[in-house]
Amino acid sequence: MDISKARVPAILGIAAFLFFWLVYPNHLRFAEQYQMFLYTGDYFCSFFNRPGGFAAYLGAFFTQFAYIPALGALVYASFISLTAILAGACIGKAVPRQSLSLQILPAAALFCMMCNENFKLSGAVAFVMLLAFVLLVIKTNSSAIILAGQALLYCLVGGIALQAVILLPVYAYFCGHKVWKTFLLSAASSFIGLLPAMLLCQYPPLRLIFGTEYFRFPVLFTGQWFFCLAMLLPLLIHKYRWMRAVVLVCCAVLFILMPDMKKERTMKYDHLAYRGRFNEIIKLAEKKTPQTRIQMNCLNLALAATSNIDRLYDFPQNGVQGIMPPYSRDFVSTLTLAEVLWRSGQTAAAQVYVFEAQECIPDYQKSARCYKRLAETAIIMGTYEVAGKYLTALSHTLFYSGWARKAATYLGDEQKISGHDVWGRQRDYMYDEDFYYDVNNFGLMLYRLVQSNPANTVAKNLLIAYQSLANNE
Amino acid sequence: MIMKRAFFILLFAIAICCAPKDETYVDSFPEIYPDYISVTVPCNIAPLNFDVKSEGRPYVSLSYRAYSLNASVCGSTAMFPEKKWHKFLMMAAGDSIKVSVSAGNVRYKDFFIYVSETEIDPYLSYRKIAPGFEIHSKMGLYCRDLTSYREKVVFENTAITGSCINCHSFNAGDPSQVTLHVRGTKGGTLIRDGKHSGFFNSNNGHTRGGCTYEAWHPSGKYIAYSTNIPLQMYHVKLDNRIEIYDKDSDISIFDCATEELFTSPTIADSASFETYPSFSRDGKTLFFARALLRPMPDEYDSARYNLCCTSFEDGKIGNEIRTLVDAEADSLSICTPRPSADGRYVMFAVSSWGTFPIWHRDCQLGLYDMKNDSWRILDEVCSPETDSWHSWSNNGSGWFCFASRRDDGLHTRVYFSMINPDGSATKPFMLPQRRPDRYYTRLFYSYNIPELSSSEFTLDIDELTQDKKEMGQR
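Residues numbered from 1 in each chain as written. Chains lettered and ligands numbered in written order. Predicted model: local features only at pLDDT ≥ 70, side-chain atom pairs only at ≥ 80, totals over all residues.

1. Examining the overall build of chain B
Move 1: Of the regular secondary structure elements, chain B holds 4 helices and 38 strands.
Move 2: Compactness check: chain B gives a C-alpha radius of gyration of 25 Å against a globular reference of 23 Å for 474 residues, within 12% of the reference.
Move 3: Looking at chain B as a whole, 46% of its 474 residues qualify as buried. (Helix = DSSP H or I, 4+ residues; strand = E, 2+ residues; numbered from the N terminus. Rg over C-alpha atoms; globule rule 2.2 N^0.38 Å. Buried ≥ 20, exposed ≤ 12 C-beta atoms within 10 Å, placed from the backbone.)

2. Describing the overall build of chain A
Move 1: When helices and strands are tallied, chain A shows 25 helices and 1 strand.
Move 2: By principal-axis analysis of the C-alpha atoms, chain A measures approximately 80 × 45 × 35 Å.
Move 3: A separation threshold of at least 6 residues defines the contact pool for chain A, and within that pool the share at least 24 residues apart is 70%. (Contact = placed C-beta atoms within 7 Å.)

3. A short note on the sheet that holds strand β12 (residues 123-129) of chain B
Residue and element names in this part refer to chain B.
Move 1: Within the open sheet, the 4 strands sit side by side as β14-β13-β12-β36. Their pairing is antiparallel. On the outer flanks of this sheet lie β14 (151-156) and β36 (446-453), each paired with one strand and no other. Mean inter-strand twist for the sheet, computed between neighbouring axes without regard to direction, equals 25°.
Move 2: Across 6 bridges, the pairing between β12 and β36 is antiparallel. Residue pairing across strands places Lys128 opposite Tyr447, the latter belonging to β36. (Pairing = 2+ DSSP bridges. Axes fitted to C-alpha atoms, helices over the stretch in contact; angles between N-to-C directions.)

4. Digging into the nonpolar core
Move 1: With 162 residues, the main nonpolar core has Leu130 and Val134 of chain A as its most contacted residues.
Move 2: With 13 residues, the single largest contributor to this core is helix α5 (residues 69-94) of chain A.
Move 3: Counting residues in each nonpolar core, the second largest holds 118 residues, with Leu124, Phe200, Tyr222 and Phe287 of chain B among its members. (Core = buried A, V, L, I, M, F, W, Y, C linked by C-beta atoms within 7 Å.)

5. Some points on helix α25 (residues 457-472) of chain A
Residue and element names in this part refer to chain A.
Move 1: Between its first and last C-alpha atoms α25 spans 22 Å; for 16 residues at 1.5 Å apiece the expected length is 22 Å, and the two agree.
Move 2: Among the residues of α25, those classed as buried are Val458, Ala459, Lys460, Asn461, Leu462, Leu463, Ala465, Tyr466 and Leu469.
Move 3: At its buried positions, α25 is contacted by α16 (293-305), α17 (333-343) and α24 (442-452). (Expected span 1.5 Å × (residues − 1).)

6. A word on the sheet that holds strand β8 (residues 77-79) of chain B
All names here are of chain B.
Move 1: Pairing within the open sheet is antiparallel, and its 4 strands lie in the order β2-β4-β8-β7. For this open sheet the edge positions go to β2 (32-33) and β7 (72-74), each flanked by a neighbour on one side alone.
Move 2: Across 2 bridges, strand β4 (residues 50-52) lies against β8 in antiparallel orientation. Bridged to Phe50 within β8 is Ala78.

7. Concerning the confidence of the model for chain B
Move 1: Mean pLDDT over chain B works out to 91, with 96% of the residues at or above the 70 mark.
Move 2: Here the prediction assigns the complex a pTM of 0.93, and the interface score ipTM is 0.90. (pLDDT = per-residue confidence, 0-100.)

8. Overview of the interface of chain B and chain A
How big an interface is tends to be stated in terms of the accessible area lost upon association of its parts.
Move 1: Taken together, the contact pairs 27 residues of chain B with 28 residues of chain A.
Move 2: Of all the secondary-structure elements, those providing two or more residues to the side of chain B that touches chain A are β14, β20 (222-235) and α3 (436-442) of chain B.
Move 3: Among the elements that make up the side of chain B that touches chain A, the one with the highest residue count is β20 of chain B (3 residues).
Move 4: Of the residues that constitute the side of chain B that touches chain A, the class distribution is 11 nonpolar, 8 polar and 8 charged.
Move 5: Pairing of strand β1 (residues 436-437) of chain A with β20 of chain B involves 2 bridges; the strand directions are antiparallel. Across the sheet, the residue bridging to Tyr437 of chain A is Tyr234 of chain B, located in β20 of chain B. (Nonpolar A, V, L, I, M, F, W, Y, C, P; charged D, E, K, R; others polar.)

9. Some remarks on the packing of helix α7 (residues 121-140) of chain A against helix α9 (residues 164-175) of chain A
All names here are of chain A.
Move 1: Where α7 contacts α9, the axes come no closer than 10 Å and their chain directions differ by 35°. Seen along the crossing, α7 lies across α9 with a hand that is right-handed. Here α7 contributes Leu130, Phe133, Val134, Val137 and Ile138 to the contact with α9, which in turn contributes Ala164, Leu167, Leu168, Tyr171 and Cys175.
Move 2: Here the residues of the contact of α7 with α9 are counted per class, giving 10 nonpolar, no polar and no charged. (Left-handed = near helix turned anticlockwise from the far one by under 90°.)

10. Points about unusual backbone geometry
Backbone phi values are negative for most residues with the exception of glycine, while trans is the configuration of most peptide bonds.
All names here are of chain B.
Move 1: Of note, the bond from Tyr33 into Pro34 is cis; its omega dihedral lies within 30 degrees of zero at -5°.
Move 2: By secondary structure assignment, the location of Pro34 is in the loop between β2 and β3 (40-41).
Move 3: At Glu259, a residue that is not glycine, the phi angle is positive and equals roughly 55°.
Move 4: Along the polypeptide, Glu259 turns up in the loop between β21 (242-255) and β22 (260-262).
Move 5: The exposure class of Glu259 is partly exposed, given the 14 C-beta atoms found within 10 Å.

11. Describing the environment of Val414 of chain B
Residue and element names in this part refer to chain B.
Move 1: Assignment of secondary structure puts Val414 in strand β34 (residues 413-418).
Move 2: Overall, Val414 belongs to the buried group, with 22 C-beta atoms counted inside 10 Å.
Move 3: As a C-alpha pair, Val414 and Tyr36 span 378 residues in sequence and 14 Å in three-dimensional space.
Move 4: Residues in contact with Val414, not counting those within four places in the same chain, are Leu124, Tyr126, Cys401, Ala403, Leu431, Tyr447 and Pro450.

12. Looking at the pairing of strand β6 (residues 67-70) of chain B
Move 1: Note: strand β5 (residues 58-64) of chain B against β6 of chain B, 4 bridges, orientation antiparallel. Looking across to β6 of chain B, one finds that Ser61 of chain B is bridged to Asn70 of chain B.

13. Points about the packing of helix α20 (residues 384-394) of chain A against helix α21 (residues 401-408) of chain A
Residues and elements named next belong to chain A.
Move 1: The contact between α20 and α21 brings their axes to 8 Å, and the two run at 150°. On the basis of their axis angle, the class for α20 and α21 is roughly antiparallel. α21 is crossed by α20, and the crossing has left-handed handedness. In this structure, α20 uses Gly388, Leu391 and Leu394 to contact α21, whose residues at the interface are Ser401, Ala404, Ala407 and Ala408.
Move 2: Within the contact of α20 with α21, the residues separate by chemical class into 5 nonpolar, 2 polar and no charged. (Parallel < 35°, antiparallel > 145°, perpendicular 65-115°, else oblique.)

14. Describing helix α15 (residues 278-287) of chain A
Residue and element names in this part refer to chain A.
Move 1: Listed in full, the buried residues belonging to α15 are Phe278, Ile281, Ile282 and Ala285. Down the axis of α15, the smallest arc covering the buried residues is 95°, so these residues share one side. Opposite the buried face of α15, at more than 90 degrees from it, the exposed residues are Lys283, Glu286 and Lys287.
Move 2: For α15, the secondary structure elements touched by its buried residues are α14 (261-275) and α16. (Arc of directions from axis to C-beta.)

15. A few points about the environment of Asn26 of chain A
Residue and element names in this part refer to chain A.
Move 1: Relative to the assigned elements, Asn26 resides in helix α2 (residues 25-33).
Move 2: With 51 residues separating them in the primary sequence, Asn26 and Ala77 have C-alpha atoms 16 Å apart.
Move 3: Beyond its immediate stretch of four places on either side in the chain, Asn26 contacts Glu264, Met267, Lys268 and His271.

16. Some thoughts on the environment of Glu451 of chain B
Residue and element names in this part refer to chain B.
Move 1: Relative to the helices and strands, Glu451 is located in strand β36.
Move 2: Glu451 gets classed as buried once you count the C-beta atoms within 10 Å, which come to 26.
Move 3: Counting along the chain gives 327 residues from Glu451 to Leu124, while the straight-line C-alpha distance between them is 5.5 Å.

Listed below in structure tokens is the structure:
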């Protein structure tokens, strides 16, 4: 590849890296925390019971690096650069001497998708493999490769592979190859890949066509067809400068509109609360007033944890829901609220919330963050066998294994647990007697907690805040 | 010359390696997982592979009279070849197999596995679901061939978005006759009577709640359903993780021919809770759990269910209630009564109170003997953790399975035991797996509602997506 052709992918890659690392790092953390990549044979095999499993496995592998946002940003940027390179090569073969700027369309489409926190890297893997396949077919014009490769590609990456049924004939037309032959071979090969999947897999047929692995929610992910559009547009508009300009302006607008900075901010609050960086939460709130309920929950927790509850009304409050809202079945707010319960010493309730948050993850993944917290709560509550299971699983991860191996040394050692700066304290803070937890009477739960251990200042401060907010409602 | 020297050196090295090592004999059983020491197994069970929890590579062999079978070893797992295992078991049926274990330089005391002459139903169907609170993630219904390690997916909830499947029940172990519930927005009750399949809305407005626990009449003409209004609470200390109680419950009978529900005050008394129906094998008796109505949740720990029965003849529910076990008098509560295939026993779960004992750590299995009109706790089967949800083998052999949390206190595993002719029970053994330690350590699902059957359970997804019909009310 000559330097001129490498220029655009390189620029895109650097820009993407800086964006995801410096502007959007909490979206990366969000993606990482709702999965748990295990280095075990069972985990590997679990992906290969449906089409797209290979892309899903690779996607999960790359996503784990988002534990360190700089590494995650490097991964995301690499996919964008690779997309630009492959797309550029395909477009260059079809319409030689076209503007290099059109290369950015497919990469722009991928970038827009990546800005959505529920888009998974398996979609990026699938798109890159699709582009590589299209390029291979363009270069070789081999019927055998189309026939065998299309079906194999579908098995490996899932529904995105079916876009080749449109892309291959269109690119064949521009490359001077036989269009109908290409279309028929691609369609037949897709059918060969689809039919066994529809007969054997426990998924509705439409989901098998649209893909099951690209989006966190079990919906028909039609957004992936923007990739197809992004690959077709350069062929159709390359002759018209004004259309090129319009499309590029649209891309620029999308680059500004697609990143969701409100969600990024909320995710930052959650991350800081999870890490116990409460002073930073307060600084964040001072810069810009919290705008969502989760942000408010984190802020009030931070005020309680830093004994700044006298500053409660320095920020606009919305009643007791700012301390603890009614239980809601979702995987995002439940996990953040688990921090409120955890930090205030309500270990059993925290365990319930973390467990339920994990069960709510829409793509049925397990979460390393949840496993870690579940292991901690199990250690504190003395259920060491269960804690051991969670720790054994975490020991097969890249970034949590060190912590898991260290935590395993505490199992069954009551003295060591009591001496732990967090777990010992959490044990002391537990309720004296058993009763039924009622999150709708959170004030009462806090009251009984403080009664059990008056030294629990976080619970005490939350109780003061709760009562004050309740009185003002 | 050099070659000759090398050959003799090699021979010497081989001789050194193969020379018998000095083994220390220890007069104690090896620590193995699962615990298969002195268990009784049916003669058609899959190989009982196990892990040896000792230092050093294990050596395991079975012997019966002049025959022996060596296990291959993978890590710490002793694995028996399936075909040879089955031949071995058939040879030893009615007798016992000696198991010799050594690991490193330690030779352990031999133990025995007793092989029953009777077979167990060859298939087991169960749900695998996380031991959660309200929400379920991925879950499914699976059918396992008990003579091998083959497990097939019957249904996974990826097939119908947002669904959950539960309470599958076969007619006398025949999975061609099945009823189960699908929860979720597209939920309903499936009833397949062997010929036809219908998908019903079970909450027809006349019953207190939707159909929950069910039991087939052996004729296949009727199904008894309990209709419950369950509610849930959580403990702050999590010794018992969850408390589930019924705000109200009754029993109704579904007539498969007319597709109508009917009931009577005997099993739907406004002054009491009736739940967990089951029919006797001759179909003439309807067993159920019954407790006096109490204000819930205030008196949740005072709700105690007795084992009761009434007659059921020609589709007519009897007028009298017989109390077979007055558990309330002993401050106990009975749930899930299920009669044995030979009609002699009724097994049930028993705990200190309540109607959902699977979350009570004190839950144990009890056995009522119809011949002697007496009952006891199956102490030889139970553990300090929850033991519940049993299913009899339908071939009259006395084998049964149940779900137990004894492994780690949270995740239920399936165990098997047999009621001997003298009424005692054998030491239970865990559902065999190819690599049991690795499998069960990595498994974060609980086995739920294990049901034995005589043939493989299959389900067509179309059965669960067909148009829903309304259950009529007689």
